[in-house]
Amino acid sequence: MPPPWLAAVLLLLPFSARAEEPPFKILGRVEQAAMEVKAAPGIEPLIKSIKATASEAEPLPPEQRQGVIQHHLIAINAAAKALEFPADVEKSSRLNDALADLNNSAGHYGDSLRHSERALARNAKDVAALINRSASNAGLNRFQEAFGDADKAVKLAPDDAAALRTRALAAYGLKKYMQAVEDARKAIALDPNDETAFYVMRLAESKVPAAKLDKLQSQMAGEVEREYHGMVQQINQAVDRSHQPAAAPTPEPIDGLIRSAAAKINIKDYFGAIADA
């Protein structure tokens with residue numbers, strides 16, 4: 001969900017921002033992650049708080065569920081704080097990351113930071129935790145810290161749309177508008193449904209001279225063409241290596257994507273071409 005400082009700006013646009021994942025769905029992830037470690041000492045109060053929240057929120061319309069989750073978050077966070085996390089780093093990280101997501105969606109950035117830092121203490125390369133800590137710091141207007149975490153996440157997972165979107169948010173907060181545009185465009189290419197990335201791109205583009213945007217567009221077009229030709233080469237190599245045509249991948253879907261990418265390059269739909277590639 002866009003932080004309040006960004007959401008306020010987005011209200012000026014002819015559309016409204018929505019979270020990529022509804023808080024009630026995040027709550028479901030928290031419950032699932034908690035059940036994975038149900039043998040951990042002190043887990044019962046956390047599971048009880050989560051189930052009580054879900055039970056109260058489920059019958060309500062989606063727009064009213066957020067208030068219920070907000071009401072119960074203090075108890076959920078208190079139960080999580082008292083929990084002795086299990087030795088299994090992966091399961092522990094999943095729970096901390098889900099809790100950080102839930103708090104970020106509710107604007108509880110301080111609590112989200114604590115959950116993210118708990119995950120990062122066990123695994124400094126936890127991409128989800130870096131993304132969450134970046135989002136929390138952006139929500140607290142700590143854009144330099146937010147950019148640092150997002151930058152680490154992108155370096156660890158360069159094809160992660162959420163990492164790129166989060167770095168775009170931080171870059172926008174630091175007034176690095178070209179960086180914000182570039183990261184947001186890459187995020188959209190990876191996930192065309194990422195609404196926040198689209199909003200950040202629109203805002204950042206409004207701050208950049210047209211000539212610089214045209215240059216960036218040309219650069220991205222070159223990247224698409226290189227990826228397209230590289231993909232064709234890989235397909236040809238795979239066919240050459242295959243001695244059994246029946247075992248080779250069915251060519252029709254791939255050929256269709258290649259033709260689609262080529263057509264989109266011709267009409268300068270570079271985002272669509274990247275997605276096809």
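Going by the structure above, here's the rest.
These lines cover the structure that appears in this document, whether it is placed above or below. The numbering scheme is per chain: residues are counted from 1 as the chain's sequence reads. Selection of residues for local features in this predicted model requires a pLDDT of at least 70, selection of side-chain atom pairs for listing and counting requires 80 or more, and totals for whole chains, interfaces and linings are taken over all residues. Note that water and hydrogens are dropped before the side-chain values are worked out from all heavy atoms of the structure.

1. Examining the overall build of the protein
By definition, any uninterrupted DSSP run of H or I lasting at least four residues is a helix, any uninterrupted run of E lasting at least two residues is a strand, and each is numbered from the N terminus. Along the backbone of the protein there are 14 helices and zero strands. Put simply, the protein runs from its N terminus to its C terminus through helices and strands in the order α-α-α-α-α-α-α-α-α-α-α-α-α-α. The buried share among the 277 residues of the protein stands at 43%. By the convention used here, residues are in contact when the closest approach between their heavy atoms is within 4.5 Å. Sequence-distant contacts in the protein: of pairs separated by 6 or more residues, those separated by 24 or more amount to 63%. Here the open area of atoms and residues is found with the Shrake-Rupley method and a 1.4 Å probe, where only the protein chains shown may cover a residue. Of the roughly 14400 Å² that the protein leaves accessible, carbon and sulfur atoms contribute 55%. Only protein chains enter the accessibility calculation, which uses a 1.4 Å probe; a residue is then buried when its area is under 20% of its type maximum, exposed when over 50%, and partly exposed in between.

2. Focus: unusual backbone geometry
Positive phi, normally seen in glycine, also occurs at Asn141, with a value near 65°. Take Asn141: it is sitting in the loop between α7 (127-139) and α8 (143-156). On the basis of relative accessibility, which here comes to 48%, the residue Asn141 falls in the partly exposed class.

3. A look at helix α3 (residues 44-57)
In this model α3 runs 20 Å from its N-terminal to its C-terminal C-alpha over 14 residues, within 8% of the 20 Å that 1.5 Å per residue would give. Within α3 the residues assigned to the buried category are Leu46, Ile47, Ser49, Ile50, Thr53, Ala54 and Ala57. The arc that holds the buried residues of α3, viewed along the axis, is 160°, so those residues lie on one side. With respect to the buried face of α3, the exposed residues turned more than 90 degrees away are Glu44, Lys48 and Ser55. Buried residues in α3 make contact with α2 (23-36), α4 (62-82) and α5 (89-105). To estimate how far a helix should extend, the number of its residues minus one is multiplied by 1.5 Å. The directions from the helix axis to the C-beta atoms are what the arc is built from.

4. As for the environment of Leu73
Within the element layout of this structure, Leu73 appears in helix α4. It is 8.7 Å that separates the C-alpha atoms of Leu73 and Thr53, two residues lying 20 residues apart in sequence. Each residue touching Leu73, except ones within four places of it in the same chain, is listed here: Leu102, Asn103, Ala106 and His108.

5. Notes on the nonpolar core
Definition of nonpolar core: a set of buried residues of the types Ala, Val, Leu, Ile, Met, Phe, Trp, Tyr and Cys, connected through side-chain atoms within 4.5 Å. Among the nonpolar cores identified, the biggest contains 32 residues, and Ala153, Tyr172, Ala180 and Val200 are the most heavily contacted of them. Counting only elements with at least two residues in this core, the list comes to α6 (109-122), α7, α8, α9 (161-173), α10 (177-190) and α11 (195-205). Per-element tally for this core: the top contributor is α9, with seven residues. Once you skip the residues sitting within four places of it in the chain, Ala180 turns out to touch Ala168, Ala171, Tyr172, Val200 and Ala204.

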